[in-house]
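Chain by chain, the residues run as shown.
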Amino acid sequence: MAETVSLRQVLGREKILDDESVSSRRSIIDTTTLQVLLIVFIATLIRSAFGFGEALVAVPLLAFCIALDVAAPLAVLVSITIAGIVVVQDWNKIHLRSAGWLVLPTLLGIPLGVLLLTSTHQRIVKGTLGVILIAFSAYSLIGRTPLELKCDSRGWLLVCGFVAGVMGGAYGMNGPPLVIYGAMRRWSAQHFRATLQGYFLPASIIGMGGYWLAGLWVPAVTHYYLLSLPAILVAVFLGRVINHRLPGEAFLKYVYLGLVGIGALLLVQAITGRL
């Protein structure tokens, strides 16, 4: 009889431990999901308000919560969703010709960027790009008037689109060259936001196709994406409100500050060697 009671006690303790283990795992899963939702919301809000800049938030922070090979495809799916909604919302504010001429050279620049990932010169290139972005933005922020393009320049479109492809293929940061072009064209906040999404939509779809072919579109990516959809929708519409209330001068200052942040990130990565 004593042995039977002892056995029951042991089994009871094991059940309690199992329940606590399951509860602990659920708590970890819930915490991770909340972190992902918060990061996606903030990144989407930045992208919706300014048209770019989520690369500083999304993948680096998501990589702390979930595997990088899940974080990167998730960020691209979020990008497609944001771009699709904004294109539907503000299609009449898109400079279609500019967006088209930026996408074409991007396709040529992406393979070079991918090759750069395995290059021994990656740190030098990162550092150079960082210095250029900081110098251009600082020059504009101190009151100097940067180059102004009164109309679309085929040459500048090709150069900025190609460099965007290289940066996208190597670092997942297509935005800075596009932002520089938009700043030179003096696009309004609304045209800036809409035109950049007209570029990001096809570019992100192509990028997601690459992840799918590489077998990186796994169930975990879809799981987190579907959970994030409500947060994405709220952030996109809130970002649109912010964007429409930003005066031209203030908007450009925020844009230049965003470029300084991206440039500083590239420079730090180049110096520390954390690629």
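Fair warning: this is a prediction, and the values are worked out from it, not measured in the lab.

J.: Residues and numbers for the overall build of the protein chain, please.
T.: Looking only at helices and strands, the protein chain features ten helices and zero strands. Traced from its N-terminal end to its C-terminal end, the protein chain shows the element sequence α-α-α-α-α-α-α-α-α-α. Here the analysis covers contacts within the protein chain between residues at least 6 apart in sequence; of these, 82% occur between residues at least 24 apart. Accessible surface computed for the protein chain: about 14300 Å², of which carbon and sulfur atoms make up 69%.

J.: Before we move on, could you go through helix α3 (residues 68–89) and cite the residues and values that matter?
T.: Counted at 1.5 Å a residue, the expected span for α3 with its 22 residues is 32 Å, and the 31 Å between its end C-alpha atoms agrees. Where burial is concerned, most of α3 is hidden: 17 out of the 22 residues are buried.

J.: I'd like a description of the packing of α3 against helix α8 (residues 189–213), backed by residues and values.
T.: As a packed pair, α3 and α8 sit with axes 8 Å apart at the nearest point and diverge in direction by 145°. The crossing of α3 and α8 is left-handed. Across the interface between the two elements, Ala 72, Pro 73, Val 76, Leu 77, Ser 79, Ile 80, Ile 82, Ala 83, Gly 84, Val 86, Val 87 and Gln 89 of α3 pack against Arg 193, Ala 194, Gln 197, Gly 198, Phe 200, Leu 201, Ser 204, Ile 205, Gly 207, Met 208 and Tyr 211 of α8.

J.: Any details on the side chain of Asn 174? Residues and values, ideally.
T.: Position of Asn 174 among the secondary structure elements: in the loop between α6 (154–171) and α7 (175–185). Within the structure, the side chain of Asn 174 is placed 3.5 Å from the backbone oxygen of Ala 164, a separation counted as a polar contact. In this structure the side chain of Asn 174 is engaged in a polar contact, spanning 3.3 Å, whose partner is the side chain of Tyr 199. Ignoring sequence-local partners within four residues, the contact set of Asn 174 consists of Thr 106, Ala 164, Gly 168, Tyr 199 and Phe 200.

J.: Describe unusual backbone geometry, with residues and values.
T.: Residue Arg 186 is not a glycine yet carries a positive backbone phi of 60°. Taking the relative accessible area as the measure of exposure, Arg 186 reaches 27% and is therefore partly exposed.

J.: Describe the nonpolar core, with residues and values.
T.: Formed by 34 residues in total, the largest nonpolar core has its most connected members in Leu 196, Tyr 199 and Leu 259. Sorting the residues of this core by element identifies α4 (96–116), α5 (122–141), α6, α7, α8 and α10 (248–272) as the ones contributing at least two each. Top element by residues in this core is α10. It accounts for seven residues. The contact partners of Leu 196, leaving out residues within four places of it in the chain, are Gly 51, Phe 52, Leu 178, Val 179 and Trp 187. Val 36, Ile 82, Ile 85 and Val 236 belong to the second largest nonpolar core, which has 25 residues in total.

J.: Help me get a handle on the pattern of salt bridges, residues and values and all.
T.: The full count for this structure, using the stated rule, is five salt bridges. Two residues, Asp 90 and Arg 193, come together in a salt bridge whose shortest N-O distance is 2.7 Å. Of this pair, Asp 90 sits in the loop between α3 and α4 while Arg 193 sits in helix α8; the two residues are 103 residues apart in sequence, bridging distant segments of the chain. On the basis of relative accessibility, which here comes to 1%, the residue Asp 90 falls in the buried class. A salt bridge links Arg 240 to Asp 90; its shortest N-O distance comes to 2.8 Å. In this pair, Arg 240 is assigned in helix α9 (residues 219–244) and Asp 90 in the loop between α3 and α4, connecting sequence segments 150 residues apart. With relative accessibility at 26%, the residue Arg 240 sits in the partly exposed group. Bridged by salt links that share partners, the residues Asp 90, Arg 193 and Arg 240 form one connected network.

Definitions and limits used
Residues numbered from 1 in each chain as written. Predicted model: local features only at pLDDT ≥ 70, side-chain atom pairs only at ≥ 80, totals over all residues. Heavy atoms only, no water. Helix = DSSP H or I, 4+ residues; strand = E, 2+ residues; numbered from the N terminus. Contact = heavy atoms within 4.5 Å. Areas by Shrake-Rupley, 256 points an atom, 1.4 Å probe, with all protein chains shown as cover. Expected span 1.5 Å × (residues − 1). Buried < 20%, exposed > 50% of the residue type's maximum accessible area, 1.4 Å probe, protein only. Axes fitted to C-alpha atoms, helices over the stretch in contact; angles between N-to-C directions. Left-handed = near helix turned anticlockwise from the far one by under 90°. Polar contact = N/O pair within 3.5 Å; in protein donor to acceptor, adjacent residues only side chain to side chain. Core = buried A, V, L, I, M, F, W, Y, C linked by side-chain atoms within 4.5 Å. Salt bridge = Lys/Arg side-chain N within 4 Å of Asp/Glu carboxyl O.

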